[in-house]
Structure formats: C-alpha cells, structure tokens
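Architecture and fold: a report
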Protein chains: 2
Amino acid sequence: MKFSSKIQRCELSPVRKFYPYEKAAMDRGLLVRHLNIGQPDIETPKPFFDAIRNFENNVVEYAPASGVEEFTDAVQGYYRRFGCELEKEEILPTFGGSEALEIVMSCIAEEGDEILSPEPFYPNYTTFINITGAKLVPIPTSAEEGYHYASREKIEPLINGHTRGILITNPGNPTGVVLTPEEAQVMADIAREHNLFLISDEVYREIVYTGKPSTMLQFPGAEENVVVVDSVSKRFSACGARVGMLVSRNRELMNEALKLCQGRLCGATLEQVGAAAMYNCLDQSYYDGVLAEYTRRRDAIVTALEKLPGVEFTHPEGAFYFMVTLPVDDTEKLQYFLLEEFSDNNETVMLTPAAGFYSDPELGRNKVRVAYVTAPEDLTRAVELLDLGIRAYNERRG
Amino acid sequence: MKFSSKIQRCELSPVRKFYPYEKAAMDRGLLVRHLNIGQPDIETPKPFFDAIRNFENNVVEYAPASGVEEFTDAVQGYYRRFGCELEKEEILPTFGGSEALEIVMSCIAEEGDEILSPEPFYPNYTTFINITGAKLVPIPTSAEEGYHYASREKIEPLINGHTRGILITNPGNPTGVVLTPEEAQVMADIAREHNLFLISDEVYREIVYTGKPSTMLQFPGAEENVVVVDSVSKRFSACGARVGMLVSRNRELMNEALKLCQGRLCGATLEQVGAAAMYNCLDQSYYDGVLAEYTRRRDAIVTALEKLPGVEFTHPEGAFYFMVTLPVDDTEKLQYFLLEEFSDNNETVMLTPAAGFYSDPELGRNKVRVAYVTAPEDLTRAVELLDLGIRAYNERRG
C-alpha cells in the first residue's frame with residue numbers, strides 16, 4: 001500500500017527522540033528539570049471549569065460549524081480591546097491554533113507553492129505546509145541581529161510567482177522576538193504590495209515585555225491579506241482545551257475555510273463554552289498578572305544565563321521562549337549526555353536542541369530553545385544544572 | 001490572492017441552503033419537525049459529565065499526541081468485547097471520526113489517486129478526499145437492491161492503478177445498510193487481494209437491528225488493510241465532545257498518522273477523560289438500552305412510512321438513517337415548498353434531499369435521507385406532515 005508523497009515529507013516531532021532517554025533517567029531516580037516544554041504551570045482560570053461544570057444541557061450536542069454563539073460573542077468583545085470590530089463571519093473556532101494553521105494552509109497552498117517564514121521557525125509549521133504539497137521557504141535571521149526578520153531586504157528577494165503567503169509567529173516561538181509597530185507595518189506593506197496572505201500566529205499575544213500587545217488585524221490597508229491564528233492555550237494556560245480560532249476580514253478565505261470547518265462538523269461544544277467564560281469573566285488585571293509572572297520568570301532565567309561563560313542570547317521581548325547559543329559542538333549530543341551521563345545532586349535538565357527549528361539542521365547545531373514556564377527558583381536551578389552539564393560535557397569531550 | 005485548486009473542489013454543506021428558509025418558517029411561528037438531522041436527543045451518559053466535573057488537575061494541560069492513557073486503556077477494553085486485542089500504538093485519538101477520516105486520507109491519497117465509496121455516500125467524504133487532490137469514485141448501488149454494495153461484480157471493475165482505498169460506512173449513513181458477515185468478508189478479501197486500504201467508518205457500530213455489532217478489525221488476513229474510524233459521538237450521544245479515533249494494525253499507517261497528530265499537538269484533554277469514563281462505567285445494558293430505543297423509533301417511522309402511497313424504502317438494518325424514495329419530481333423543491341408554502345396545524349417537516357449524497361445529483365432527485373433520532377410519537381407526526389406535504393406539493397404542481 002502506498003502513502004502520499006506529502007505525508008512522507010512530514011516528520012515525527014524532532015524532540016520525541018529524547019523521551020525514552022528522559023524516561024530512563026527518571027527510572028534511575030533522577031529529577032529532570034524542564035527548560036524544553038511550552039506547557040505553563042499557571043492554573044487554568046476558574047471560570048473555565050465553572051462554565052463546564054454548570055453546563056445545563058443533558059446532551060452534548062454538535063455546535064454550529066461557525067462556533068457556539070457565546071464563544072464568538074466573547075471573541076468579538078476581546079478583539080474590541082484592540083480596536084478591532086469583527087463580524088461573526090470573520091471568526092471561525094478551530095481545534096487550537098494548530099487546526100487554524102492546517103485550515104489556512106489547505107485553503108491557500110498546494111504543490112509548487114511557497115510559504116515564507118522566518119527561520120528559526122516552529123517545527124510544526126513544516127507539517128502544516130508539507131501536507132499540502134507546498135514548501136516552507138525560510139527567511140534567514142541571525143543571532144547577531146537578535147533574530148529580527150521584518151526587513152524588505154531580507155524578504156522581498158525571496159518572493160516569486162510561487163509565493164502564496166508569509167507565516168509569522170508574533171510574539172515569536174522559538175525566538176521571543178516581538179515586532180515593533182514599524183516592523184509590523186513593514187510586514188503588512190510587503191503582504192499588500194505583493195498580494196500575499198500574511199498569516200500571523202498570535203497565540204502569545206498578551207505576553208509582551210517590550211511594548212504593548214497588538215494584532216496584525218489593526219493594520220489598515222492589509223485587511224484582505226491578514227489572517228490571524230489565535231488560541232486560548234497560552235493566553236489562559238488551557239493548552240489541553242484545544243480551542244483556537246481563525247480570524248480574517250478576507251471573506252473569500254473565510255468562506256473557503258468554512259468548507260473545511262463544516263466538513264469536520266464543529267469544534268468541541270463544552271470547551272467553547274469554557275473558553276467564552278474566560279474571555280467574559282477575566283479583565284485586564286488577569287492579563288497583567290500573567291505578564292507579571294512571566295516577567296519574573298524571564299528576569300530569573302536571563303539573570304542566571306548571563307553568568308554562564310560562552311552562553312549568548314538576545315533578551316526575550318515576548319512569549320516564553322528564546323534562542324540561546326551554547327559553547328558546545330552539538331546541542332543534541334549535549335542533551336543525550338545530560339540525560340545519560342550527567343547528574344548533580346540527582347538532578348538533570350532538558351532543553352530543546354534547535355536543529356529542528358531550521359531547514360538546515362546544521363544552522364541550529366550550537367543552539368537551543370529555552371522555555372521558561374516554571375517558577376523563578378526552578379529556572380535558576382535548571383540553569384545551574386545546564387552550566388554544570390556544559391562543563392562536564394566539554395571536559396569529557398576534551 | 002489565489003486559493004488552492006483543492007479547496008475549490010470542496011463545497012459548503014449541501015443542506016446549508018435550507019437554513020434561512022427554516023429560520024423564516026420558525027419566525028412565522030411554525031413548529032419545524034426534523035427528519036433531517038443526526039443529532040440524537042438521548043442524554044449523554046452521566047459518567048461523562050461526572051468525570052469532567054471531578055477533573056482534579058488545576059491546569060488543563062496538553063494530552064500526549066498518542067492520547068490520554070486512561071482513554072486508550074478504555075478503548076482497548078471496549079475492543080476486547082469484539083475479540084480484538086489492540087496495542088496502544090494501534091489507537092490514535094482524533095477530533096471526532098471526522099478528523100480520523102481527514103488524517104487517513106492525507107496519509108494515503110493525493111493528486112491522481114482514487115478512493116472508492118458506495119453511493120449514496122456521506123457528503124463530507126468528498127471534502128476529506130478532494131482536499132488531498134484525490135477523487136471519490138462511486139460504487140453504484142440501487143434502491144431496488146436495498147443499496148447493498150459488497151459484491152465483487154460491483155467493485156472490482158472500478159479498481160485500477162490509481163485506487164488507494166475503499167471507504168465504507170458500516171452501519172451505513174445515509175442508507176442504513178449493515179454488512180452481513182459474508183459481505184464483510186468479501187470487502188476484506190477485495191482489499192487484501194488488491195492491496196488496498198479498507199477504511200471502515202464504524203461510528204454507528206452498536207446500532208444494528210439485524211445481526212450483531214461487529215468491526216472490520218475482526219477479519220483475519222486483512223489486518224494490514226483495515227483502518228477503522230470510530231467515535232463516541234453516536235455511541236454515547238456525545239456529538240459535541242468531538243472524541244473520535246483512528247484504529248489500525250497497519251503500523252506504517254499509524255506511524256504516518258502520528259506525524260499529523262503530533263503536528264496538531266493533541267486531542268482535548270477533558271473530553272478524552274470524559275469519554276474514558278463512559279467506556280469504563282457503561283456496560284452491555286447501556287448499549288442494549290440505546291438499541292431498544294432506536295428500535296422503537298425505527299419501528300415507528302417504518303410503520304408510518306409504509307402507509308404512504310408511492311413511498312418506497314428498504315427496512316433499515318442499522319444506524320438511524322435510511323434512504324426513502326418519494327413520489328415527487330424533486331425533493332429539493334419539495335423541501336422548499338414544505339418550508340415556504342405548506343403547514344398543517346402550524347407545523348411542517350424537514351428532510352434531507354438526497355442529491356448531495358450522489359456524485360451526480362440527478363440520481364438522488366426523487367430521494368431523501370430520513371433520520372429518526374426523536375421520540376416515536378414525534379416521528380409519526382413528522383411522517384403525517386410529510387404525507388400531507390407531498391399531497392399538497394403534487395396537487396400544486398398539478
């Protein structure tokens with residue numbers, strides 16, 4: 001039996017190969033500290049659980065493909081905070097931001113098409129693009145430039161007749177880069193001038209340390225180009241709820257997307273009800289509180305990492321990830337070493353080796369993505385373990 | 001901006017066009033009785049709600065892409081009732097049966113490929129197939145033969161070098177056809193001999209009036225060919241939970257499917273916990289009770305329809321749908337008439353005109369799909385309305 005050429009161009013998760021080694025380490029009694037995962041430990045707000053517990057219908061019925069009314073109402077209210085008046089038809093609920101990405105890629109891309117995306121990129125983007133038959137064309141960035149990408153010089157030479165869209169994460173995963181208003185305008189201008197979709201993955205929107213939260217939906221003139229991918233996962237620490245959305249004023253796109261949404265019938269009813277409650281019950285103080293907590297975490301990890309010799313990085317501007325260059329030959333080998341041979345006081349640490357964030361793995365060889373989703377003291381200890389681990393690894397290598 | 005040629009081959013739901021007319025009828029004060037929708041009114045079992053209400057973690061975290069352990073455990077237990085011992089790797093949770101279908105089609109089909117499916121077929125099958133670039137090739141059936149399709153004479157002439165799989169719904173939607181054990185063996189044999197995937201959508205498995213519930217996973221020799229699509233939606237009247245699964249012993253396929261499951265991270269955590277509780281807490285008496293209820297409904301609608309002159313159908317063998325031939329020129333026109341011009345005692349009725357279930361809409365012109373998911377007395381009244389409506393429609397047409 002044959003498999004499609006497209007699925008064969010997709011890959012299993014690049015971090016998956018470390019799991020058996022992590023499990024073996026834990027089985028040996030080690031405490032494994034995590035700088036590798038994007039699962040926040042912040043509590044999912046009570047309104048989510050309350051709304052689901054108080055669900056009154058005895059039958060968990062299909063929702064409309066266009067969404068549970070109270071959910072789309074709540075999303076409209078949320079976007080009003082950013083000065084965006086959205087019609088119901090401009091919002092489609094999805095299974096997490098992931099399905100929104102799958103849907104938009106299926107609508108706009110196929111064999112021979114190209115989607116530009118700043119490199120390093122979120123690895124699952126390649127899956128969403130490859131499965132359509134199109135390919136991701138990296139917009140190169142560098143550690144020296146702090147991974148900033150919003151420049152005509154970098155992007156316009158890559159645009160050709162096959163280019164269908166530009167896919168960005170803002171705030172950035174894995175880089176922590178946040179577009180300045182001027183940079184965002186450049187991105188909107190490029191998309192408009194070249195008649196491209198600008199797919200803006202804004203799931204980390206509220207977590208911005210420099211400047212204010214924003215959305216590409218705010219940029220006048222690029223309404224037909226901008227497609228926003230959004231989600232409650234990181235905003236409300238509700239990753240397992242799988243409630244995301246596709247938001248665009250391009251009605252033709254939304255009509256195409258609705259075909260796929262109707263095809264799979266609807267999003268989960270209860271989870272949309274829970275998500276609506278969070279949007280409706282939580283005010284600015286909630287977002288401020290979460291941001292303050294991530295700011296403490298960012299400060300803790302940055303302070304700790306700055307003390308490490310040979311470790312280089314740009315201060316993260318948003319989200320809860322950033323790229324860190326380590327003084328080692330190969331961060332994958334380092335990770336295996338940390339799990340198999342290293343320990344300090346019966347503890348070790350996991351990072352995400354950055355090879356999987358690049359189209360050419362060699363480009364990420366001496367880099368890792370660091371995630372800071374745990375308490376400041378845990379992050380400090382994790383960095384201490386990293387420091388000791390790097391020393392031991394390099395000593396061992398001689 | 002360009003859209004992919006594949007999304008342009010997909011269509012919006014064929015029944016959607018009647019909604020504005022339904023709304024207008026309701027706004028005029030009419031009670032609209034439904035023989036058109038597959039949303040059962042049976043209560044979602046209490047263990048689902050209890051498990052979600054008692055969820056103890058304060059953070060709704062990502063589930064593993066391979067599923068919440070208690071869910072896959074429960075599914076293993078469920079399939080043991082059918083004599084099937086499944087490994088964890090042979091089960092992948094999905095967002096409803098729909099996503100399982102999307103995933104398997106993405107894994108096996110692309111441009112130039114063909115998927116055979118008995119016609120009339122569930123209309124969303126065309127979306128799942130068209131979006132890959134492949135096409136659905138109908139296996140023709142007839143009302144006279146009761147829509148049975150499992151014959152070498154019907155299927156083998158359609159198989160060629162482009163054929164990748166055969167997609168069946170068993171028990172059937174929209175036909176109510178259930179494969180006999182001999183027919184199921186024929187399907188398994190054809191798939192094995194021609195090296196094809198046999199994708200068996202078994203979401204109505206427990207609702208069988210003739211014979212016993214079964215699964216294609218039981219057929220020895222076709223383990224590598226059979227891919228089962230399953231869901232809790234109809235089994236537990238939990239359509240809005242969106243918990244389905246892909247089940248196959250073909251490890252290569254499951255490994256390809258895992259790439260897509262990892263790409264979109266995971267299914268909904270709480271809903272899997274709720275689904276696991278239903279599998280674990282409900283025993284045979286639950287399935288028996290649901291079947292008894294649908295049997296009462298089937299008997300009520302069959303008895304009522306048998307009295308209608310010129311109305312023809314085969315007794316439904318399973319699921320809660322069947323195809324009915326009506327003595328009218330065009331069932332879509334009839335539906336518009338029922339919503340716009342007809343009423344009896346301030347009530348009217350909706351059906352699903354069958355044109356959308358055929359590759360050539362003309363083939364379904366005088367047919368409807370009838371769904372019986374409400375109480376027997378409601379079904380009887382709905383059929384009375386249909387009878388009066390047909391008479392009025394044909395009188396009006398002269």
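To be clear, the structure that these remarks concern was listed above.
None of these values were measured; they are calculated from a predicted model. (Residues numbered from 1 in each chain as written. Chains lettered and ligands numbered in written order. Predicted model: local features only at pLDDT ≥ 70, side-chain atom pairs only at ≥ 80, totals over all residues. Heavy atoms only, no water.)

Residues and elements named next belong to chain B. Running from N to C, helix α4 (residues 69-80) and helix α10 (residues 269-281) point in directions that differ by 30°, and their axes come no closer than 8 Å. Relative to α10, the element α4 is oriented roughly parallel. Two packed elements cross with a definite hand, and for α4 against α10 that hand is left-handed. Contact residues: α4 offers E70, F71, A74, V75 and Y78, while α10 offers Q272, V273, A275, A276, Y279 and N280. Here the contact of α4 with α10 is built from residues that sort into 8 nonpolar, 2 polar and 1 charged. (Axes fitted to C-alpha atoms, helices over the stretch in contact; angles between N-to-C directions. Helix = DSSP H or I, 4+ residues; strand = E, 2+ residues; numbered from the N terminus. Parallel < 35°, antiparallel > 145°, perpendicular 65-115°, else oblique. Left-handed = near helix turned anticlockwise from the far one by under 90°. Contact = heavy atoms within 4.5 Å. Nonpolar A, V, L, I, M, F, W, Y, C, P; charged D, E, K, R; others polar.)

Our next topic: helix α4 (residues 69-80) of chain A. Residue and element names in this part refer to chain A. Given a rise of 1.5 Å per residue, 12 residues ought to cover 16 Å, and the 17 Å separating the end C-alpha atoms of α4 matches this to within 8%. Looking at α4, one finds that the buried residues are F71, T72, A74, V75, Q76, Y78 and Y79. In this structure, the buried residues of α4 make contact with β2 (91-94), β7 (226-231), β8 (244-248), α10 (269-281) and α11 (284-306). (Expected span 1.5 Å × (residues − 1). Buried < 20%, exposed > 50% of the residue type's maximum accessible area, 1.4 Å probe, protein only.)

This part covers the relation of the copies chain A and chain B. Expressed as a screw transformation, the operator carrying chain A onto chain B has a rotation angle of 180° and an axial translation of 0.0 Å, and the superposed copies differ by an RMSD of 0.0 Å. Within this description, the copies of the chain are treated as partners about a two-fold rotation axis. Among all residues of chain A, the minimum C-alpha distance to the rotation axis is found for R53(A), at 2.7 Å. Most of the interface of chain A is mirrored in chain B, where 100% of its interface residues are also at the interface. (Least-squares fit on C-alpha atoms with pLDDT ≥ 70 in both.)

The tally for this structure, following the rule as stated, stands at 70 salt bridges over all chains. Ionic pairing is found between E145(A) and K154(A), a salt bridge with its closest N-O pair at 2.8 Å. Ionic pairing is found between R365(B) and E362(B), a salt bridge with its closest N-O pair at 2.9 Å. Assessed through its relative accessible area of 21%, R365(B) is described here as partly exposed. Sharing partners across several salt bridges, the network here consists of K6(A), E110(A), E111(A), K6(B), E110(B) and E111(B). (Salt bridge = Lys/Arg side-chain N within 4 Å of Asp/Glu carboxyl O.)

Moving on, we get to the interface of chain A and chain B. Each partner contributes to the interface: chain A provides 77 residues, whereas chain B provides 77 residues. Approximately 6,300 Å² of surface area, both sides summed, lies buried where chain A meets chain B, with 57% of it carried by carbon and sulfur atoms. Interface area lost by chain A to chain B is led by M1(A), F3(A) and Y62(A), which between them contribute 13%. Connecting chain A to chain B are 4 salt bridges. For the pair chain A and chain B, the interface holds 37 residue pairs in polar contact (both at pLDDT 80 or more). In terms of residue count, the dominant contributor to the side of chain A that touches chain B is helix α9 (residues 251-263) of chain A (9 residues). Of the residues assigned to the side of chain A that touches chain B, the class counts are 33 nonpolar, 24 polar and 20 charged. (Buried area = accessible area lost by both parts, 1.4 Å probe. Polar contact = N/O pair within 3.5 Å; in protein donor to acceptor, adjacent residues only side chain to side chain.)

What follows covers the sheet that holds strand β5 (residues 163-169) of chain B. Residues and elements named next belong to chain B. In space, the 7 strands of this open sheet follow the order β2-β8-β7-β6-β5-β3-β4, with mixed pairing throughout. Unpaired on one side and paired on the other, β2 (91-94) and β4 (135-140) mark the two borders of the sheet. Looking at each pair of strands side by side, their axes are set apart by 25° on average, direction ignored. Where strand β6 (residues 197-201) meets strand β7 (residues 226-231), 4 bridges bridge the pair, whose relative direction is parallel. Among the inter-strand pairings, L198 is bridged to a residue of β7, identified as V226. (Pairing = 2+ DSSP bridges.)

Residue and element names in this part refer to chain A. A complete count under the given rule lists 45 aromatic pairs over all chains for this structure. Between F337 and Y393 the ring centres are 5.6 Å apart and the planes differ by 70°, which places this aromatic pair in the edge-to-face class. Note that F337 is positioned in helix α12 (residues 331-340) and Y393 in helix α13 (residues 376-397), a separation of 56 residues in sequence. Looking at F337, the relative accessible area reads 8%, which means it is buried. (Phe/Tyr/Trp six-rings, centres within 6.5 Å; stacked < 30°, edge-to-face > 60°.)

Another aspect to go through is the pairing of β5(B). All names here are of chain B. Of all 7 residues in β5, 7 are buried, a share of seventy percent or more. Sheet topology places strand β3 (residues 114-119) next to β5; 3 bridges connect them, and they run parallel. Directly across from L116, in β5, lies its bridge partner I166. Pairing of β5 with β6 involves 5 bridges; the strand directions are parallel. Looking across to β6, one finds that G165 is bridged to F197. Note that the unit made of β5, helix α8 (residues 181-193) and β6 has a crossover that is right-handed. (Right-handed = clockwise from strand over helix to strand, strands pointing away.)

The omega torsion of the bond from E119(A) to P120(A) falls at 5°, within 30 degrees of zero and hence cis. With respect to the helices and strands, P120(A) occurs in the loop between β3 (114-119) and α6 (124-130). Of note, the amide linkage connecting N170(B) to P171(B) takes the cis form, showing an omega dihedral of -5°. Note on placement: P171(B) falls in the loop between β5 and α8. Within the chain, Y147(A) stands out as a residue other than glycine whose phi angle is a positive 65°. Secondary-structure assignment places Y147(A) in the loop between β4 (135-140) and α7 (152-155). Note on Y147(A): relative accessible area 4%, which makes it buried. A positive phi angle, near 55°, is found at N345(B), a position not held by glycine. Within the secondary structure, N345(B) is located in the loop between α12 (331-340) and β11 (347-350). For N345(B), a relative accessible area of 67% corresponds to the exposed category.

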